[in-house]
Amino acid sequence: MGSTAFSSRDNMKDGQKQRGKPRGMRRDRDCGNCRTRAVKCDLNRPRCLPCVEAGLACGGYPQRIIWTGQRSTSSPASARQRPRKALQDTLKTKTVQDDEGFLAKDDNSWLDISETDKHSFVWRLASFCHHIKSTNEGGHNANSYPPVEVLRLVSCLSDLMEARINSCPKPGVPPRETSASMEMARHHHAALLELHEALETANPCAILGIAAFAVLEVFDGAFGEWQRHLYGAKSLLDCHCRNIEELEQLARSVTGLTEIVARLVWFDTTGTIVRGTTGLIFEDWHRQILNDQFFRIVGCPADAFKAFVSIAKGEASSDPVGTCFQAMGQLLEIESGSTDWERCANMNRCAVVLATLGKLHSDDATSHRDFAILSAVDKICRLISEIPPSSPFFIHMATAVYLAGINATSRKHCEVVRSYWHDCRSAGVPRYPDGLRRCEERWRQNGLE
């Protein structure tokens, strides 16, 4: 570095004009590992010498994507439009979608997963990635779609999702915590490198990678603290679409985008409700992607979700009377449910009431407020007992269960809520490790532990 700097100054003294960068300064062609470790790469293929000497698998070399119909020397303003220009003829795969844009069910015989966990978004992502990878193996060339960079990302994500599922303890099988965690970390690192490369070119398929890390954060991280990857997904979408029409157009090129965005919007809203904060990451037009099929999947009526959005936007403070009427409307919609969907729908309606009352404080109506909270918690606890862990809606009950937990007023409430979190942790794909901890903290504060 020092000799290069002195040489540069000598050239300037001689009146010679500098051309290009000094040798050794350019790092954009280094392999992924060398760039991450800030080590000079010798660019040797298939494995560079620094990686061989360090005993590492070479991180692979970046390949810059040149979008169809655009010059590489375009201005920053046109560069923002560059990805959208190529969407009509790139990123197409053989993955099948249904009429409403959601991923069609795929063969899952390749993955060791229970019937219950097939309703998990982890499995949906894993199945989606596996399908793209398997349908494009063997027949890919430089001019085919999806691009090789996308296939590398999808392959890493498929390995990551499969490792997350297969690392879970199986009945009668001794746990391999150390080796499983190392395997998970290795796939996590590889997927991050490929996602970084895709994001550098604002490749819309990077939304799949962001969704994968977002769902892992939902399943394994602090309960409700799901914003980090949602901000990244919103920024990426902003590069390609600014309204629902453009999003739907993009979804015709990026297979599965409809379901991915729907899930991220759902995490955004429910996470805000769980945290008890206000302010949503996604905009109203993003939420238009949610359709009747999605609400059937998650067991939440569309009007209940609309009420959640209203609360998350802070309308309970600006219009407390209107918010109370909205919560009253949810109570009037509660009926004696005979199916798991109806029971889950009733739970979400009760959750709207709890979320609303959590935002309203009045010393003059404390006794009435407490009675309404008790009634909603009682109803949710009864419904928890009626819905088996094998139900497809069981994993989508977490927000309502959490609100019931932090508003619990008796040890019986605590026992029912605790049983739900235990069932989540003992599932084939464990989830929500932080939900019970947060509820127990509140119970100790209220003298229920």
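Just so you know, these numbers come straight off a predicted model, no measurement behind them. (Residues numbered from 1 in each chain as written. Predicted model: local features only at pLDDT ≥ 70, side-chain atom pairs only at ≥ 80, totals over all residues. Heavy atoms only, no water.)

(A) Region of interest: the overall build of the chain. Within the chain, the regular secondary structure consists of 21 helices and zero strands. By residue count, 47% of the 449 residues in the chain fall in the buried class. Partitioning the intrachain contacts of the chain with sequence separation of at least 6 by distance along the chain shows that 67% fall at a separation of at least 24. Of the roughly 22,200 Å² that the chain leaves accessible, carbon and sulfur atoms contribute 52%. (Helix = DSSP H or I, 4+ residues; strand = E, 2+ residues; numbered from the N terminus. Buried < 20%, exposed > 50% of the residue type's maximum accessible area, 1.4 Å probe, protein only. Contact = heavy atoms within 4.5 Å. Areas by Shrake-Rupley, 256 points an atom, 1.4 Å probe, with all protein chains shown as cover.)

(B) Representation of the nonpolar core. In this structure, Tyr 420 and Trp 421 are the most contacted members of the largest nonpolar core, which totals 115 residues. Excluding residues that lie within four positions of it along the chain, Trp 421 makes contacts with Phe 223, Ala 398, Val 401, Tyr 402, Tyr 432, Gly 435, Leu 436 and Cys 439. Counting residues in hydrophobic clusters, the runner-up holds six residues, among them Cys 34, Cys 48, Cys 51 and Cys 58. (Core = buried A, V, L, I, M, F, W, Y, C linked by side-chain atoms within 4.5 Å.)

(C) Spotlight on a nonpolar patch on the surface. Nonpolar side chains collect at one region of the surface, where Val 321, Phe 325, Met 328 and Leu 332 lie side by side and expose about 460 Å² of accessible area between them. With respect to the secondary-structure elements, Met 328 resides in helix H16 (residues 320-333). The exposure class of Met 328 is partly exposed, given its relative accessible area of 43%. (Patch = residues over 30% accessible without salt bridge, like charges linked within 9 Å, V, L, I, M, F, W, Y side chains within 5 Å. Salt bridge = Lys/Arg side-chain N within 4 Å of Asp/Glu carboxyl O.)

(D) Fine view of the pattern of salt bridges. Counted according to the given criterion, the structure contains 17 salt bridges. For Asp 238, the salt bridge is made with Lys 234, and the minimal N-O distance between the two is 3.0 Å. Here Asp 238 pairs with Lys 234, and both are found in helix H9 (residues 227-238), just four residues apart, close to one helical turn. With a relative accessible area of 22%, Asp 238 lands in the partly exposed category. Of the residues examined, Lys 234 reaches a relative accessible area of 12% and is grouped as buried. The salt bridge partner of Arg 418 is Glu 440, with a shortest N-O separation of 3.6 Å. With Arg 418 in helix H20 (residues 411-425) and Glu 440 in helix H21 (residues 433-445), the pair connects residues that are 22 residues apart, well separated along the chain. The network of salt bridges with common partners includes Glu 225, Asp 434, Arg 437, Arg 438 and Glu 441.

(E) Structural context of the side chain of Ser 158. The topology assignment puts Ser 158 in helix H6 (residues 148-166). Dropping the residues within four chain positions of it, Ser 158 is found in contact with Cys 129, His 130 and Lys 133.

(F) Representation of the environment of Ser 385. Locating Ser 385 in the fold gives a position in helix H18 (residues 366-386). Assessed through its relative accessible area of 57%, Ser 385 is described here as exposed. C-alpha of Ser 385 to C-alpha of Tyr 420: the two residues are 35 residues apart in sequence and 8.8 Å apart in space. Looking at Ser 385, its side chain comes within polar contact range of the main-chain oxygen of Cys 381, at 3.2 Å. (Polar contact = N/O pair within 3.5 Å; in protein donor to acceptor, adjacent residues only side chain to side chain.)

(G) Inspection of H9 at higher detail. For H9, which comprises twelve residues, the first-to-last C-alpha distance of 16 Å matches the rise-based estimate of 16 Å (1.5 Å per residue) to within 8%. Residues of H9 that are buried include every one of Leu 230, Ala 233, Lys 234, Leu 236 and Leu 237, and no others. Projected down its long axis, H9 shows its buried positions confined to an angular sector of 165°, all on one face. Seen from the open side of H9, the exposed residues pointing more than 90 degrees away from its buried face are Arg 228 and Tyr 231. (Expected span 1.5 Å × (residues − 1). Arc of directions from axis to C-beta.)

(H) Structural detail: the confidence of the model for the chain. Scored by pLDDT, the chain has a mean of 78; 73% of the residues are at 70 or more. Low pLDDT, under 50, characterises residues 63-111; the predicted model gives this stretch 110 contacts beyond four residues in sequence or across chains. (pLDDT = per-residue confidence, 0-100.)

(I) Seen up close, the state of the cysteines. Counted under the stated rule, the structure contains zero disulfides. The closest cysteine sulfur to the non-disulfide-bonded Cys 300 is located on Cys 344, 7.7 Å from its own sulfur. In this structure Cys 300 comes out as buried when scored by relative accessible area, which is 0%. (Disulfide = S-S within 2.5 Å.)

(J) Here's a closer look at the packing of aromatic side chains. One pass over the full model with this rule turns up 13 aromatic pairs. Relative to Tyr 432, the ring of Phe 219 has its centre 5.9 Å away and its plane inclined at 65°; by these criteria the two rings are edge-to-face. Taken together, the residues span a long stretch of sequence, with Phe 219 in helix H8 (residues 206-220) and Tyr 432 in the loop between H20 and H21 at a distance of 213 residues. Its relative accessible area of 8% is what places Tyr 432 among the buried residues. (Phe/Tyr/Trp six-rings, centres within 6.5 Å; stacked < 30°, edge-to-face > 60°.)

(K) Expanded view of unusual backbone geometry. For Ala 202, which is not glycine, the phi torsion reads 55° and is therefore positive. Checked against the element boundaries, Ala 202 lands in the loop between helix H7 (177-200) and H8. Even without being a glycine, Tyr 432 presents a positive backbone phi close to 55°.

(L) Main features of the packing of helix H17 (residues 340-359) against H18. Look at H17 against H18: their axes get within 9 Å of each other, and the N-to-C directions meet at 155°. Judged by the angle between their axes, H17 and H18 are roughly antiparallel. For the crossing formed where H17 meets H18, the hand is left-handed. Mapping the contact onto sequence places Asp 340, Arg 343, Asn 346, Met 347, Cys 350, Ala 351, Val 353, Leu 354, Leu 357 and Gly 358 in H17 and Arg 369, Ala 372, Ile 373, Ala 376, Val 377, Lys 379, Ile 380, Leu 383, Ile 384 and Glu 386 in H18. Broken down by class, the residue content of the contact of H17 with H18 amounts to 13 nonpolar, two polar and five charged. (Axes fitted to C-alpha atoms, helices over the stretch in contact; angles between N-to-C directions. Parallel < 35°, antiparallel > 145°, perpendicular 65-115°, else oblique. Left-handed = near helix turned anticlockwise from the far one by under 90°. Nonpolar A, V, L, I, M, F, W, Y, C, P; charged D, E, K, R; others polar.)

(M) Spotlight on the packing of helix H19 (residues 398-406) against H21. Interhelical geometry of H19 versus H21 gives an angle of 20° and a closest axis separation of 8 Å. Overall, the two elements H19 and H21 adopt an arrangement that is roughly parallel. The crossing of H19 and H21 is right-handed. In contact with Tyr 402, Gly 405 and Ile 406 of H19, H21 contributes Gly 435, Arg 438, Cys 439, Arg 442 and Trp 443.

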